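Structural description and commentary
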Amino acid sequence: MKRMASIGECMIELSGATADAGPGPAGEGQMRRGFGGDTLNVAVYARRALPADAGAVAYVTSLGEDPFSADMLAAWGDEGIDVGLVDRMPGRLPGLYVIVTDAGGERSFLYWRSASAARETFRADNAERLSAALRDYDLVYFSGITLAILDGDGRARLLDVLREVRGRGGLVAFDGNYRPRLWHGPDEARFAVSAILPYVSIALPTFEDEAALYGDADAHATADRLHALGVGEIAVKQGPRPVLLSGPDGREEVAVPPVARIVDTTAAGDSFNGAYLAARLTGLPPREAAVRGNATAGRVIGLRGAIIPREG
Ligand code: ADP
């Protein structure tokens, strides 16, 4: 049985229930409560893609002892995700974001996450516990968002864990997921990402994010840059354009099947990553993993929400 862990932050999501929204973009009255987080999405889609007896998927974060945290844990458990490594911090709370929809239907996001429990996931005592638990995992996934919410000490302790996982033959997978507002500036992001890339075995970037942070001219330039820093296996996502695979055997493009009606592209990249990593964990080659990633992402963008209902 293979073991995979995804590390990061899941937040409380509030969105206007449009029927109840009052005047103005912020609305009034009832809101709908959900949960959201890039690394959680990856854990969910990896769990769904893995046959139950083929692998276990753990989510790694810190939560509070409040009812929202309890609801998150219950929801993740219902998905079959292993929550045994989730840390609970007395007196702390999960981060929160609100989705605001303007009169034209355009959505924007407001965040309250600067004091979230997840930022403390790699504080000294918990990092020690995580290091002992994760060192024998077959695959550890995290993103640039995970890096961004940790402080310098937390990033260094995460790096120690990654080094240990790699040292014992495990895989480390990473999606840069560059979100400018989470960083003090692009230099800080580039510095933090450069420090961890030598420990990354599989990079699953989205070209748009890489171009924003590094000015890459095309997906080949993204792959060249990541290989130069030691990453062996790369799948560059480009929305509806083909996924560029690059590895020791060379490069190839994997076409993205057209999606007839795109409803909501939230979690397109995350669902691709989850299905891709599940396939790789069970020994399928990168091409087949990318085909499965595209198929999953195609279903996810055809329905509303980051986490679509389970099939069957
Ligand atoms: P992100 O969510 O990180 O922005 P992308 O937009 O690059 O990720 O998309 C990730 C995957 O989602 C693509 O590789 C593809 O499988 C699917 N996808 C995204 N946009 C489209 C689209 N317009 N048509 C079909 N598939 C898409």
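None of these values were measured; they are calculated from a predicted model.

Glancing now at the pattern of salt bridges. Per the counting criterion, the structure on display carries 22 salt bridges. The salt bridge partner of Arg123 is Asp125, with a shortest N-O separation of 3.3 Å. Since its relative accessible area comes to 52%, Asp125 is described here as exposed. Members of the salt-bridge network, linked through shared partners, are Arg48, Glu79 and Arg310.

If you walk across this open sheet you meet the four strands as β3-β2-β7-β8, and the pairing is mixed. Strand pairing shows two members of the sheet lacking a second neighbour, β3 (31–36) and β8 (107–112), which therefore form its edges. The average undirected angle you get between the axes of adjacent strands in this sheet is 25°. Taken together, the four bridges between strand β2 (residues 11–16) and strand β7 (residues 96–101) define a ladder with parallel strand orientation. Within the sheet, the bridge partner assigned to Ser15 lies in β7 and is Ile99.

Let us look at the packing of helix α7 (residues 207–214) against helix α8 (residues 219–228). Interaxial distance between α7 and α8 falls to 10 Å at its minimum, and their mutual angle equals 70°. Considering their axes alone, α7 and α8 lie roughly perpendicular with respect to each other. Considering the relative orientation of α7 and α8, their crossing is left-handed. Across the interface between the two elements, Phe207, Glu210 and Tyr214 from α7 touch Ala219, Thr222 and Arg225 from α8. Its residues assigned to classes, the contact of α7 with α8 shows three nonpolar, one polar and two charged.

How each quantity is defined
- Residues numbered from 1 in each chain as written.
- Predicted model: local features only at pLDDT ≥ 70, side-chain atom pairs only at ≥ 80, totals over all residues.
- Heavy atoms only, no water.
- Salt bridge = Lys/Arg side-chain N within 4 Å of Asp/Glu carboxyl O.
- Buried < 20%, exposed > 50% of the residue type's maximum accessible area, 1.4 Å probe, protein only.
- Pairing = 2+ DSSP bridges.
- Helix = DSSP H or I, 4+ residues; strand = E, 2+ residues; numbered from the N terminus.
- Axes fitted to C-alpha atoms, helices over the stretch in contact; angles between N-to-C directions.
- Parallel < 35°, antiparallel > 145°, perpendicular 65-115°, else oblique.
- Left-handed = near helix turned anticlockwise from the far one by under 90°.
- Contact = heavy atoms within 4.5 Å.
- Nonpolar A, V, L, I, M, F, W, Y, C, P; charged D, E, K, R; others polar.

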